[in-house]
Amino acid sequence: MRMNEVRTLIGGRGLVESPRWHGDLLYFSDWSAGEVVALDPAGRSEVIARVASLPLCTAWLPDGRMVIVSSPDGQLLRREPDGSLVTYADLGKPGWNDIVIDGRGNIYVNRVDFDPMAGEALQPGSVSLVTPDGSVRQVADDIAFPNGMAVTPDNSTLIVADSYRHSLVAFDIGADGGLSGRRVWADLGEGTPDGICVDARNAVWYADVPGRCCVRVAEGGKVLDRIDLDRGGFACALGGPDGTTLFIVAAEWRGMTESEMVTPGSGQVLATEVEVPGAGRP
């Protein structure tokens, strides 16, 4: 494995998460500030939405509109072309985390079923489906701590990071958006996956907070590449003009029950070049 040169695109942020390449911009969320930010290749940034939500994750509908998870309200918000936010779906209860949308407009959103910030005991979480007609139903359960999610390019498979079980879990996506065929896609050993993305060779990059790294693994768990960081890696996304830029959001992790979970101002958006372009969603 080679050393990857990592450059800093922006710093001075808080708990940065949910990087998404869309069009010709990188979007990310600053959970500490309650902001969704667009970042251009020259390093210029613009806040495009403000939502007081922690977590604060985003995805795109096939029509190009952004969907934002408003976790405490238990709602999915849709960003309209004029920048306004409207309710897209009511999820019924709070506690939602990451989101991914397949090519048919099926929205998968997961939730952690306990409050780690309050020190509550673990209760396994779940994944719910929001169909294009707005109906909501749970489609997977017993994921200890569901984090990043990705859909393969052919829309056939949903991959979910289970941070507490140190694994990536895969499901077959049915014609109605339902999930079946649950399996461990990769056992990561000591790896603790947070945000993930898929590349064109069916490998997954995952960001690791305690491990302070991003790791590329094949199905089954073989490590193909690793990028070491000087702080926790929260999520990663492939993008850029050729799809071969790996964007990483990272910050100095303090702990789930700390008043500030990351060191204020330690949040960064990083970039490094890799060989295999991104594929699938996000």
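Residues numbered from 1 in each chain as written. Predicted model: local features only at pLDDT ≥ 70, side-chain atom pairs only at ≥ 80, totals over all residues. Heavy atoms only, no water.

A. A look at the environment of Val198. Among the secondary structure elements, Val198 is positioned in strand 18 (residues 193-199). As a C-alpha pair, Val198 and Asn4 span 194 residues in sequence and 18 Å in three-dimensional space. Sequence-distant contacts of Val198, that is, excluding residues within four places in its chain, are made with Ala150, Ala203, Val204, Leu238, Gly278 and Ala279. (Helix = DSSP H or I, 4+ residues; strand = E, 2+ residues; numbered from the N terminus. Contact = heavy atoms within 4.5 Å.)

B. Looking closely at the pattern of salt bridges. What the rule picks out here adds up to 17 salt bridges. As a salt-bridge pair, Arg65 and Asp63 come within 2.9 Å of each other at their nearest N and O atoms. One connected set of salt bridges, linked through shared partners, spans Arg13, Asp30, Glu35 and Arg50. (Salt bridge = Lys/Arg side-chain N within 4 Å of Asp/Glu carboxyl O.)

C. Spatial organisation of the sheet that holds strand 8 (residues 75-79). Read across the open sheet, the 4 strands follow the order 6-7-8-9; overall the sheet is antiparallel. Each edge of the open sheet is held by one strand with a lone partner, namely strand 6 (58-60) and strand 9 (85-90). Adjacent strand axes in the sheet meet at a mean angle of 30°, parallel and antiparallel pairs treated alike. Bridge count between strand 6 and strand 7 (residues 66-70): 3 bridges; the pairing is antiparallel. Bridging across to strand 7, Trp60 finds its partner in Met66. (Pairing = 2+ DSSP bridges. Axes fitted to C-alpha atoms, helices over the stretch in contact; angles between N-to-C directions.)

D. Structural context of the side chain of Asn106. When you line up the elements, Asn106 lands in the loop between strand 10 (96-101) and strand 11 (107-111). Overall, Asn106 belongs to the buried group, its relative accessible area being 5%. When residues no more than four places from it in sequence are discounted, the contact partners of Asn106 are Val100, Ile101, Leu129, Val130, Thr131, Pro132 and Gly177. (Buried < 20%, exposed > 50% of the residue type's maximum accessible area, 1.4 Å probe, protein only.)

E. Structural context of the nonpolar core. Counting 44 residues, the largest nonpolar core has Phe28, Ile68, Leu76, Ile99, Ile107 and Val130 as the members making the most contacts within it. Residue contacts for Ile99: discarding those within four places in its chain leaves Arg20, Cys57, Thr58, Ala59, Val67, Val69, Leu76, Ile107, Tyr108, Val109 and Met149. (Core = buried A, V, L, I, M, F, W, Y, C linked by side-chain atoms within 4.5 Å.)

F. Examining the state of the cysteines more closely. Inspection of every chain in the model, using the stated rule, returns 0 disulfides. The closest cysteine sulfur to the non-disulfide-bonded Cys197 is located on Cys236, 4.1 Å from its own sulfur. Here Cys236 falls in the buried class, since its relative accessible area comes to 2%. (Disulfide = S-S within 2.5 Å.)

G. Highlighting unusual backbone geometry. At the junction of Leu54 and Pro55, the peptide bond is cis and its omega measures out at 5° in the coordinates. With phi around 55°, Asp142 is a residue other than glycine that occupies positive phi space. Mapped onto the elements of the fold, Asp142 is located in strand 13 (residues 136-143). Here the phi dihedral of Arg212 falls at roughly 50°; this positive angle occurs in a residue that is not glycine. Here Arg212 shows up in the loop between strand 19 (204-208) and strand 20 (213-217).

H. The arrangement of the pairing of strand 8 in detail. Bridge count for strand 7 against strand 8 is 5 bridges, and the pairing is antiparallel. Considered in strand 8, the bridge of Val67 is made with Arg78. Where strand 7 folds back onto strand 8 in an antiparallel hairpin, the turn is made up of 4 residues, including Gly74, whose phi is positive at roughly 65°. Across 5 bridges, the pairing between strand 8 and strand 9 is antiparallel. Among the inter-strand pairings, Gln75 is bridged to a residue of strand 9, identified as Asp90. Joining the antiparallel neighbours strand 8 and strand 9 is a turn of 5 residues, in which Gly83 adopts a positive phi near 95°.

I. Structural view of the side chain of Asp194. Considering the arrangement of structural elements, one finds Asp194 in strand 18. The buried charged residue Asp194 lacks any salt bridge partner; its closest oppositely charged side chain belongs to Arg20, at an N-O distance of 9.0 Å. If we skip the residues at most four places from it in the chain, Asp194 touches Glu17, Asn147, Gly148, Ala161, Ser163, Ala207, Val209, Gly233 and Phe234. (Lys, Arg positive; Asp, Glu negative; His and termini not counted.)

J. Structural context of the sheet that holds strand 1 (residues 7-13). On the basis of which strands lie adjacent, the open sheet formed by 4 strands has the order 1-24-23-22 and antiparallel pairing. For this open sheet the edge positions go to strand 1 and strand 22 (232-239), each flanked by a neighbour on one side alone. Averaged over all adjacent pairs, the angle separating strand axes in this sheet is 20°, with direction ignored. Relative to strand 24 (residues 267-273), strand 1 runs antiparallel, the two being bridged by 4 bridges. Within the sheet, the bridge partner assigned to Thr8 lies in strand 24 and is Leu270.

K. Molecular detail of the packing of aromatic side chains. In the structure shown here, the tally under the stated rule is 4 aromatic pairs. Arg111 extends its terminal NZ or CZ atom over the ring of Trp96, reaching a point 5.4 Å from the ring centre. (Phe/Tyr/Trp six-rings, centres within 6.5 Å; stacked < 30°, edge-to-face > 60°. Lys NZ or Arg CZ within 6 Å of the ring centre and 35° of its normal.)

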